[in-house]
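Here is how the chains run, residue by residue.
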Amino acid sequence: MTKPKHVGIIMDGNGRWAQLRGRPRTFGHIKGARVAKKVISACAEMGIENLTLYAFSTENWLRPEQEVAFLMRLLGRYLKRETENLLAENIRFSVIGNVASLPKEMRTVVQDTISATQHCTGMRLIFALSYGSRQEIVATTKALALKVQNGELEVSDIDESLFSMNLSTHPAPDLDLMIRTSGEQRVSNFLLWQSAYSELYFTRTLWPDFNRTELEQIFAYFLSRERRFGQVTEQYEQPSH
Ligand code: FPP
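What comes next is a walk through the structure. Predicted model only: the values in this text are computed from it and were never measured.

Conventions we followed
- Counting of residues starts from 1 at the beginning of each chain's written sequence and follows it residue by residue.
- Note on the predicted model: pLDDT of at least 70 is required for a residue's local features to be given, and 80 or more for side-chain atom pairs to be given and counted; whole-chain, interface and lining totals, by contrast, use all residues.
- As a convention, hydrogens and water are excluded, and side-chain values are obtained from all of the structure's heavy atoms.
- A single heavy atom is enough: if one lies within 4 Å of a molecule or strand, its residue is considered near that molecule or strand.
- Nitrogen and oxygen atoms within 3.5 Å of one another constitute a polar contact, given that in protein one can donate a hydrogen and the other can accept it, and given that sequence-neighbouring residues count only through two side-chain atoms.
- Each accessible area is a Shrake-Rupley result for a 1.4 Å probe, and residues are judged covered by the shown protein chains and nothing else.
- Of the two site types, the cavity is a set of points on a 1 Å grid over the protein atoms alone where a 1.4 Å probe fits but cannot get out, and the pocket is an open set with protein on both sides within 12 Å along at least five of seven lines, each lined by residues with an atom within 4 Å of a point.
- Should more than half of a molecule's atoms lie within 2 Å of a pocket's or cavity's grid points, that molecule is taken to sit in it.
- Secondary structure counts use DSSP, requiring at least four H or I residues in a row for a helix and at least two E residues in a row for a strand, with both numbered from the N terminus.
- In this classification, the charged set is Asp, Glu, Lys and Arg, the nonpolar set is Ala, Val, Leu, Ile, Met, Phe, Trp, Tyr, Cys and Pro, and all remaining amino acids, among them Gly, are polar.
- Working definition: a ring pair exists when centres of Phe, Tyr or Trp rings (six-membered ring for Trp) sit within 6.5 Å. Plane angles under 30 degrees give stacked, over 60 give edge-to-face, the rest tilted.
- Residue burial is assigned from relative accessible area. The probe radius is 1.4 Å, only protein chains are included, and a residue is buried under 20% of its type maximum, exposed over 50%, and partly exposed in between.
- Criterion used throughout: strands pair if DSSP finds at least two bridges between them.
- Helix axes are fitted to C-alpha atoms over the stretch in contact, other axes to C-alpha atoms as well, and angles between N-to-C directions run from 0 to 180 degrees.

By nearness alone, 19 residues border the ligand, and Asp 12, Gly 15, Arg 16, Arg 25 and Arg 63 come closest of all. A distance of 3.1 Å is found between an oxygen atom of the ligand and a backbone nitrogen or oxygen belonging to Asn 14. At 2.8 Å, a side-chain N or O of Arg 25 approaches an oxygen atom of the ligand. In the complex, 93% of the free accessible area of the ligand, which totals 610 Å², lies under the protein chains. Placement of the ligand is best described as lying within the largest pocket. Listing elements by their share of the shell around the ligand, those giving two or more residues are helix H1 (14-20), helix H2 (25-45) and helix H3 (65-88). In terms of residue count, the dominant contributor to the shell around the ligand is H2 (5 residues). Each residue belonging to the shell around the ligand can be placed in one class, and the counts come to 9 nonpolar, 6 polar and 4 charged.

Structure below.
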């Protein structure tokens, strides 16, 4: 087994981390952003080709208005500040999710960061922003239906490969490893199609306490797993010589 080509992380537990310290939830998000920065650099350094971070879900809009506004400002500031580092680390930035629903300043920062890093050839960093996987699957279905309606596509052309190619994560491959922090064992509408054969790793660590050592342990666990994609062991065993 080789290292994962595509890693997805549900960065959960910022609020609880802060509350445990008697601090406002926003304090946890600030620390969470610092951890994200370290994890991004660590993944790039370890040669991970694609990293998707669940930064803001469609459901997160339901949080108190002030917290939503804070998260938007934090994400915007983070991207502005980090663009230079992304360039230095040859990281190509992209976004999945309903970008149109983001505040205007945020859309501008997102677009600027995408443009500034589009020539980078190292790790692809994907922020899921205002993202929901069911919404993504419905949008892909509609886009394909429209092509059929316009005569650009036959219904018989639609298969798993074509569907994957029309998802917003394309050209990143399916997810190999999904990590969720904070002890919750849910996928929460994150990359449902792309994680069909992923290893799932749930850790009790709250996101602000997550670090490179734990990430390396998770990668070691991943390497020890035998992924058979529904087949039997022998079909996936490498010859010993
Ligand atoms: C979950 O903590 C985290 C989020 C709502 C979004 C993730 C955002 C960050 C890690 C900060 C910014 C990130 C970047 C990449 C700059 P929670 O509030 O759900 O925690 P809780 O479950 O304890 O309430």
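Geometrically, a pair of aromatic rings is defined through the distance of the ring centres and the angle of the planes. Taken as a whole and assessed by the stated rule, the structure comprises 10 aromatic pairs. Ring geometry for Tyr 78 against Phe 127: centres 6.2 Å apart, planes inclined by 25 degrees, an arrangement best described as stacked. One end of the pair, Tyr 78, is in helix H3; the other, Phe 127, is in strand S4 (residues 124-131), and 49 residues separate them in sequence. The same class applies to Tyr 78 as to Phe 127, namely buried. Grouped by ring-pair contacts, the aromatic residues Tyr 54, Tyr 131 and Phe 190 constitute a single cluster.

We now examine the sheet that holds strand S2 (residues 50-57). A sheet is described by the order of its strands in space; here 6 strands give the open sequence S3-S4-S2-S1-S5-S6, paired in parallel fashion. Every interior strand has two partners, whereas the edge strands, strand S3 (92-96) and strand S6 (199-202), have only one. Averaged over neighbouring strand pairs, the angle between their axes works out to 20 degrees when direction is ignored.

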